Structure formats: structure tokens, C-alpha cells
Amino acid sequence: MNIHILTIFPEMFQGPMSSSIIGRACQKGLLSIEPHNLRDYTKDKHRQVDDTPYGGGAGMVMKAEPFFEALTELTGSPKQKKVGRKIIMLTPQGATFTQKKAQELATMSEIIFLCGRYEGIDERVRQTWVDEEISIGDYILTGGELATMVIIDALVRFLPGALGDEMSAQEESFSDGLLEYPQYTKPATWQGMTVPAPLLSGHHEQIRKWRRKEAFKRTYQFRPELLRGRSLSIEDQILFAEALQELGM
Ligand SMILES: NC(=O)c1ccc(NC2CCCC2)nc1
């Protein structure tokens, strides 16, 4: 997968996108991440990327030209829709990003992220080029760059080979829509707090059930809406009932 990012702050991507799992995935050739400085696509000597808004008002708006120049260089023309490529704009108006969307994006062969700054990007960029608008949550950021990094972080986990096998286990337990069960590591007792006995039993079936029940407890307590409308297997119904009992419900 090739990821291109149009931004006026390419340097923001150096640290986060070259560290840890993302950095290793790039080194393994599972994906490439290439920020492009929009100023390199300006034609005036001041390398102007923004200007005052028509109709007045505070702040500045990002000019269409640098985006058009960069996107034309990267993709040819707007009409050349390529299968497996998405052009995504990060905005608070976008569809809220989810794990499901992360999984879907991970199947793309190319993604181009458009990062706005100031008051936003000239509307003609969106109407000409943008396939999807995504928001990482209902809050306003100073730019689309951090939202882009969040999305890259979430999708890279779905690239085959990106996670060591120790992480892939977390993958399926989380992606079935329940919250994560509690995690423990050595020592077995820390400041008088002990690890729950089932986890020390070495009894895999007991451990699996304990984890599933804890996931039901947490999901019911913190995100009950995730449980609504779910059809549960017989075993899950039993574990869910036990979870509610232990919660004193
Ligand atoms: N919730 C979000 O994903 C999000 C994205 C971009 C943004 N700000 C950008 C958008 C255009 C100028 C700054 N704020 C919030």
C-alpha cells in the first residue's frame, strides 16, 4: 500500500510514522508513507498556500491550486478513478472513523490524505477530487495531520505481517465488537494486588471464558450500546448472564 499525504507540515510525520510498528511495516515494505509539502506545488515566489475567504470572516482558507497541482501529479486527472485508490479529506464533517473503516482502508493499494489547516480547504478541491471525508471524532483540530496519523496507525494493524504474532491475538478479541478484557503481567502480586486466579491456572478453556466474561462486563459497563441487537451464542449468553450477576445486576 502506498500512502501519500498532502500537507504544509510534512515534518510532523517523521517521528510517529517511522517508529515502532508503523516504522517496521514500512521497512518490511508492507506500506510506504510519503508526505508532500503543498508549498512545493505553488507557483508564486511567496509559495502562498492560503488566502482570505470570499465573503469575509476571520482566518484564512487553503488555496485550491496547490492541491490540484499535487493531485494531478500523483493521479493524472480527477476523472481517472483508479480501483483500490481513495482520496480522503480529514474534516469534522466527515463520517466518524471506526475499526471497520480501518479494516476497509487496509485493503486499498493507494490512499491520498488531504490535510487542511486554517479555516479549511477551498471547496472546489472537495468537489473535484475527494472520494471520502473522515472525522476521527467530534472535536476540532488545528489541522488534519494528527487525524491522518491516527487513521494510518489503526489501518496498519490490518496489513498482513505488520503485527508480530503476539499482537494478532488481540486483533480478533477486539475486532468482535466487545471491549478488551483486563490484561496482567508479572509479578503475580504487586502492592498487594493479585492477578485473578483463572489467569494463573494454565487452564486455557477457563482463561478463555474468564476473558470473554470480563469483556462482557466492561462492554456492558462502558459501551452498552455495543451489545444492543447482538445475537449471542449459547455460551456467550451464559457468560453474559454470569457477567451481569458478578456486576450485581
Ligand atoms: N475530527 C477530525 O477528524 C478533524 C479533522 C480536521 C480538523 N481540522 C482541520 C480541517 C480543516 C482545517 C483544520 N479538525 C478535526
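Residues numbered from 1 in each chain as written. Predicted model: local features only at pLDDT ≥ 70, side-chain atom pairs only at ≥ 80, totals over all residues. Heavy atoms only, no water.

### Digging into the packing of helix H9 (residues 204-222) against helix H10 (residues 234-246)
Where H9 meets H10, the axes come as close as 8 Å, and the angle between the chain directions of the two elements is 60°. In terms of their interaxial angle, H9 and H10 are classed as oblique. For the element pair H9 and H10, the recorded crossing hand is right-handed. Here Glu205, Arg208, Lys209, Arg212, Lys213, Glu214, Phe216, Lys217 and Tyr220 of H9 come into contact with H10, specifically with Glu235, Asp236, Leu239, Phe240, Glu242, Ala243, Leu244 and Glu246. (Axes fitted to C-alpha atoms, helices over the stretch in contact; angles between N-to-C directions. Helix = DSSP H or I, 4+ residues; strand = E, 2+ residues; numbered from the N terminus. Parallel < 35°, antiparallel > 145°, perpendicular 65-115°, else oblique. Left-handed = near helix turned anticlockwise from the far one by under 90°. Contact = heavy atoms within 4.5 Å.)

### Digging into helix H3 (residues 64-75)
Given a rise of 1.5 Å per residue, 12 residues ought to cover 16 Å, and the 16 Å separating the end C-alpha atoms of H3 matches this to within 8%. Along H3, the residues that are buried comprise Ala64, Pro66, Phe67, Ala70, Leu71, Leu74 and Thr75. On an axial view of H3, the arc spanned by its buried residues comes to 165°, and they lie on one face. Those residues of H3 hidden inside the fold are in contact with strand S1 (2-7), strand S2 (32-37), strand S4 (61-62), strand S5 (85-96), strand S6 (110-114) and helix H5 (123-129). (Expected span 1.5 Å × (residues − 1). Buried < 20%, exposed > 50% of the residue type's maximum accessible area, 1.4 Å probe, protein only. Arc of directions from axis to C-beta.)

### What about the environment of Gly94?
If you trace the backbone, Gly94 turns up in strand S5. We classify Gly94 as buried; its relative accessible area is 11%. Between the C-alpha atoms of Gly94 and Asp176, which are 82 residues apart in sequence, the distance is 24 Å. Apart from residues lying up to four places away in sequence, Gly94 is in contact with Glu133, Ile134 and Ser135.

### Let's talk about the pattern of salt bridges
Summed over the entire model, instances satisfying the criterion amount to 23 salt bridges. For Glu110, the salt bridge identified is with Lys82, shortest N-O distance 3.8 Å. One end of the pair, Glu110, is in strand S6; the other, Lys82, is in the loop between H3 and S5, and 28 residues separate them in sequence. Looking at Glu110, the relative accessible area reads 9%, which means it is buried. A salt bridge links Lys101 to Glu132; the nearest nitrogen and oxygen atoms lie 2.7 Å apart. Of this pair, Lys101 sits in helix H4 (residues 99-105) while Glu132 sits in strand S7 (residues 132-135), and the two are 31 residues apart along the sequence. (Salt bridge = Lys/Arg side-chain N within 4 Å of Asp/Glu carboxyl O.)

### Concerning the site of the ligand
In the vicinity of the ligand, 16 residues are found, and the nearest of them are Ser135, Ile136, Gly137, Tyr139 and Leu141. Contact between the ligand and Ser135: a nitrogen atom at 3.2 Å from a side-chain N or O atom of the residue. Between the ligand and the protein, one listed contact pairs a nitrogen atom with a backbone N or O atom of Gly137 at 2.8 Å. When the ligand is considered free in solution it has 380 Å² of accessible area, and contact with the protein chains removes 94% of it. With 3 residues, the single largest contributor to the shell around the ligand is S5. Tallied by class, residues from the shell around the ligand come to 8 nonpolar, 7 polar and 1 charged. (Near = heavy atom within 4 Å. Polar contact = N/O pair within 3.5 Å; in protein donor to acceptor, adjacent residues only side chain to side chain. Areas by Shrake-Rupley, 256 points an atom, 1.4 Å probe, with all protein chains shown as cover. Nonpolar A, V, L, I, M, F, W, Y, C, P; charged D, E, K, R; others polar.)

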